[in-house]
Amino acid sequence: MLTLLIKKFKKLCTKLIVACLIIASFTGTVQAKDNQYIKFYTNECQEYMRYQVERVVDTFNVTRQCEVVIRVGEYQGKAGKRIYVNSQKINIPNDIPVRNDGDGKGFYISEWDINLKEAEALTKKLRAQGVNAVLQVSYNESTDLNAAGRISNKSNPYLYISLHHNYFNSDSEGYFAMYNPNDKLSKYVANRLSDSIKDNGMVKQRCNQQNTGYVGELNSIHSGTTPVLLELGFFSNISELEKICSDKYVDYVSTNLSKEIVDILNTDYR
Ligand SMILES: [Zn+2]
């Protein structure tokens with residue numbers, strides 16, 4: 001009897017170890033500067049079902065002050081969200097500053113500046129199409145992460161769209177959207193927004209990702225608002241950095257995202 005139990009226990013352990021190994025091989029975690037972790041999965045894209053969306057009934061007693069919040073990801077000068085470009089030949093437009101923080105590490109480009117360029121272009125195009133869009137910008141830590149979600153909740157938009165760019169390896173590439181699990185609308189809007197820019201010819205489309213709880217701003221959005229976070233390319237890859245800063249990419253992405261957002265609002269929200 002005891003031998004049988006030990007055998008069963010051994011079998012279970014082997015299964016657990018195999019399962020852990022499989023999970024480990026599909027998951028990558030990297031330590032970015034200043035202990036900020038960026039995590040993404042390398043599993044194959046799933047075929048997403050296009051389903052009819054049920055409209056969320058807003059149970060919050062907050063006046064809807066705008067239709068869409070476009071959030072500039074991170075805050076101005078945030079440490080750990082930079083790529084140092086010392087002695088690099090790099091081709092970027094004048095509206096993306098190369099900053100020197102005076103700490104001896106030299107010159108860097110900040111994710112926040114790239115996010116800002118894209119977010120300003122998108123907000124402008126949404127407004128031109130009659131959308132009541134608010135640009136939400138953080139200049140310091142106090143309005144970052146969870147606080148960003150709480151600030152958006154006060155204006156109670158239909159959509160909260162946060163624009164970011166990503167840091168991993170020097171050859172990482174591609175863009176993707178992040179959505180909250182168990183939120184059908186979040187996943188639906190993420191898929192539509194990602195698909196709307198897949199023919200950009202510069203940055204390839206990757207699988208969309210679930211927020212498994214570590215994306216503070218998505219955690220804090222109330223259920224009357226649909227949140228999506230877009231990682232629009234890797235600034236750790238110099239070749240992709242040049243693309244995501246370019247007027248051509250920013251114009252393509254903001255034009256196509258704005259059209260898709262207008263269509264989503266008309267079809268599923270207004
Ligand atoms: Zn970011």
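Peer 1: How would you sum up the sheet that holds strand 9 (residues 176-179)? Please name residues and give values.
Peer 2: Read across the sheet, six strands follow the order 7-3-8-11-9-10 without closing on themselves; strand pairing throughout is mixed. Looking at strand neighbours, the two that pair on one side only are strand 7 (133-138) and strand 10 (209-210), the edges of this open sheet. As judged from the five bridges shared by strand 3 (residues 68-75) and strand 8 (residues 159-166), these two strands associate in the parallel manner. When the bridges of strand 8 are listed, Arg71 appears paired with Ser162. Packing against the sheet, helix 4 (residues 184-196) makes contact with strand 8, strand 9 and strand 11 (226-234), and its axis sits at approximately 35 degrees to strand 11.

Peer 1: Could you give an account of the nonpolar core, with specific residues and numbers?
Peer 2: One finds Val68, Ala177 and Val228 to be the most contacted residues of the largest nonpolar core, which totals 54 residues. When residues of this core are assigned to their parent elements, the largest contribution, seven residues, is made by helix 2 (residues 111-128).

Peer 1: Give me the environment of Glu67: which residues, what numbers.
Peer 2: Structurally, the position occupied by Glu67 is in the loop between strand 2 (37-41) and strand 3. It is 6.0 Å that separates the C-alpha atoms of Glu67 and Ala133, two residues lying 66 residues apart in sequence.

Peer 1: Now, about the sheet that holds strand 5 (residues 99-100): what can you tell me, with residues and values included?
Peer 2: Across the sheet, three strands lie side by side as 4-6-5; this open sheet has antiparallel pairing. The open sheet has two free edges, formed respectively by strand 4 (82-84) and strand 5, since each of these has just one partner strand. With three bridges joining them, strand 4 and strand 6 (residues 107-110) adopt antiparallel strand pairing. Residue Arg82 lies in a different strand from strand 6, and its bridge partner there is Ser110.

Peer 1: Requested: an account of the pairing of strand 8, with residues and values cited.
Peer 2: Burial analysis of strand 8 places eight of its eight residues in the buried class, the great majority of the element. In strand 8, alternate side chains face the same way, and those of Leu159, Ile161, Leu163 and His165 on one face and Tyr160, Ser162, His164 and Asn166 on the other are all buried. In terms of strand pairing, strand 8 meets strand 11 through seven bridges, oriented parallel. For Ser162, the partnering residue across the bridge sits in strand 11 and is Leu229.

Peer 1: Which residues make up unusual backbone geometry, and what are the values?
Peer 2: Positive phi, close to 70 degrees, is recorded for Glu74, a residue that is not glycine. Examined against the element boundaries, Glu74 turns out to sit in strand 3. Even without a glycine there, the phi angle at Asn156 is positive, about 50 degrees. By the element assignment, Asn156 lies in the loop between helix 3 (146-155) and strand 8. Classification of Asn156 as buried rests on a count of 20 C-beta atoms within 10 Å.

Peer 1: Break down helix 6 (residues 238-245) for me, citing the residues and quoting the values.
Peer 2: Those residues of helix 6 that sit buried are Glu240, Leu241, Lys243, Ile244 and Cys245. Residues of helix 6 that are buried sit in contact with strand 4, strand 6, helix 2, strand 8, strand 11 and helix 7 (247-269).

Peer 1: How would you explain helix 4 if you had to name every residue and give the values?
Peer 2: With 13 residues, helix 4 ought to run about 18 Å at 1.5 Å a step, and its terminal C-alpha atoms sit 18 Å apart, in line with that. Leu185, Ser186, Lys187, Tyr188, Val189, Ala190, Arg192, Leu193 and Ser194 are the residues of helix 4 that are buried. Against strand 8, strand 9, strand 11 and helix 7 lie the buried residues of helix 4.

Peer 1: Explain the packing of helix 4 against helix 7 to me, and be specific about the residues and the numbers.
Peer 2: Interaxial distance between helix 4 and helix 7 falls to 9 Å at its minimum, and their mutual angle equals 145 degrees. Like other packed secondary-structure pairs, helix 4 and helix 7 cross with a definite hand, here right-handed. Residue-level contacts link Val189, Arg192, Leu193 and Ser196 of helix 4 to Asn256, Leu257, Glu260 and Ile264 of helix 7. Broken down by class, the residue content of the contact of helix 4 with helix 7 amounts to four nonpolar, two polar and two charged.

Cut-offs applied
One numbering rule holds for all chains: residues counted from 1, following each sequence as written. It should be noted that, the model being predicted, local features are given only for residues of pLDDT at least 70 and side-chain atom pairs only at 80 or more, the latter also being counted only at that level, while totals for whole chains, interfaces and linings use all residues. When DSSP finds two or more bridges between two strands, those strands count as paired. Every helix listed is a DSSP run of H or I at least four residues long, and every strand listed is a run of E at least two residues long, numbered separately from the N terminus. Throughout, a pair of residues is in contact if the C-beta atoms placed from their backbones lie within 7 Å. To define axes, lines are fitted to C-alpha atoms, for helices over the stretch in contact only, and angles between the resulting N-to-C directions are given on a 0 to 180 degree scale. Here, a nonpolar core denotes buried Ala, Val, Leu, Ile, Met, Phe, Trp, Tyr and Cys residues that are linked to one another through C-beta atoms within 7 Å. Each residue is classified by how many other C-beta atoms fall within 10 Å of its C-beta atom, where C-beta atoms are placed from the backbone; a count of 20 or more means buried, 12 or fewer means exposed, and values in between mean partly exposed. Here the expected length of a helix is defined as 1.5 Å per residue gap, with one fewer gap than residues. Should the near helix be turned counterclockwise from the far one by less than a right angle, the crossing is left-handed, whereas a clockwise turn marks it as right-handed. When residues are grouped by polarity, Ala, Val, Leu, Ile, Met, Phe, Trp, Tyr, Cys and Pro land in nonpolar, Asp, Glu, Lys and Arg in charged, and all others, Gly among them, in polar.

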